[in-house]
Amino acid sequence: MGDRTDPARIEHPPWCLKGRICTQDGIHHSRPLPANSGDAHDAIRVWLERAWSLTDLSVVLESTVDGEVSYTYLPLSQARVLRHQLGRLIDLAKDGTR
């Protein structure tokens, strides 16, 4: 276990912050990105995450509503589908706002 937590011996993906969460908890973690508009009342952030024991990446969606934080983990393949479907919905919304 000692080699695994030694930061000098860990292989990090290029997007990993190489911080404490990685070296102590075994989770590669990208920088969180804000995902809310300027008039949003509830905070939303997204990031990439992968536990050392897993080969697949996840997209993590963190949302804060009335001070309560919740997390949703999407496999990268599912996040790609969600991205496509959200694009379709946004396009539909444009047609309805004319």
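Only a predicted model underlies this, so the values are computations on that prediction, with no experimental measurement involved. (Residues numbered from 1 in each chain as written. Predicted model: local features only at pLDDT ≥ 70, side-chain atom pairs only at ≥ 80, totals over all residues. Heavy atoms only, no water.)

A closer look at the layout of surface pockets
Of the volumes computed, that of the largest pocket is approximately 310 Å³. Around the largest pocket sit 13 residues that line it, and Val46, Val59, Leu74, Ala79 and Leu82 are the ones nearest its centre. The set of elements that each furnish at least two residues to the lining of the largest pocket consists of β3 (43–51), β4 (58–65) and α3 (76–96). Examining the composition of the lining of the largest pocket, we find that 5 residues originate from one element, α3, more than from any other. In terms of residue class, the lining of the largest pocket is built from 11 nonpolar, 1 polar and 1 charged. (1 Å grid on protein atoms, 1.4 Å probe; cavity = no way out; pocket = protein on both sides within 12 Å on 5 of 7 lines; lining within 4 Å. Points joined across faces, edges and corners; volume = space filled by probe spheres on them. Helix = DSSP H or I, 4+ residues; strand = E, 2+ residues; numbered from the N terminus. Nonpolar A, V, L, I, M, F, W, Y, C, P; charged D, E, K, R; others polar.)

Describing the confidence of the model for the protein
Confidence in the prediction for the protein averages 83 pLDDT; 89% of positions are at 70 or higher. Highest mean pLDDT in the protein belongs to strand β5 (residues 68–75) (93); lowest belongs to helix α1 (residues 2–5) (46). (pLDDT = per-residue confidence, 0-100.)

Concerning the pairing of β4
Of all 8 residues in β4, 6 are buried, a share of seventy percent or more. Bridging between β3 and β4 involves 7 bridges; their strand directions are antiparallel. When the bridges of β4 are listed, Trp47 appears paired with Val60. Between the antiparallel neighbours β3 and β4 lie 6 residues. (Buried < 20%, exposed > 50% of the residue type's maximum accessible area, 1.4 Å probe, protein only. Pairing = 2+ DSSP bridges.)

Topic: a nonpolar patch on the surface
On the surface, Leu82, Leu86, Leu89, Ile90 and Leu92 cluster together to form a nonpolar patch covering roughly 480 Å² of accessible area. Mapping Leu82 onto the fold places it in helix α3. (Patch = residues over 30% accessible without salt bridge, like charges linked within 9 Å, V, L, I, M, F, W, Y side chains within 5 Å. Areas by Shrake-Rupley, 256 points an atom, 1.4 Å probe, with all protein chains shown as cover. Salt bridge = Lys/Arg side-chain N within 4 Å of Asp/Glu carboxyl O.)

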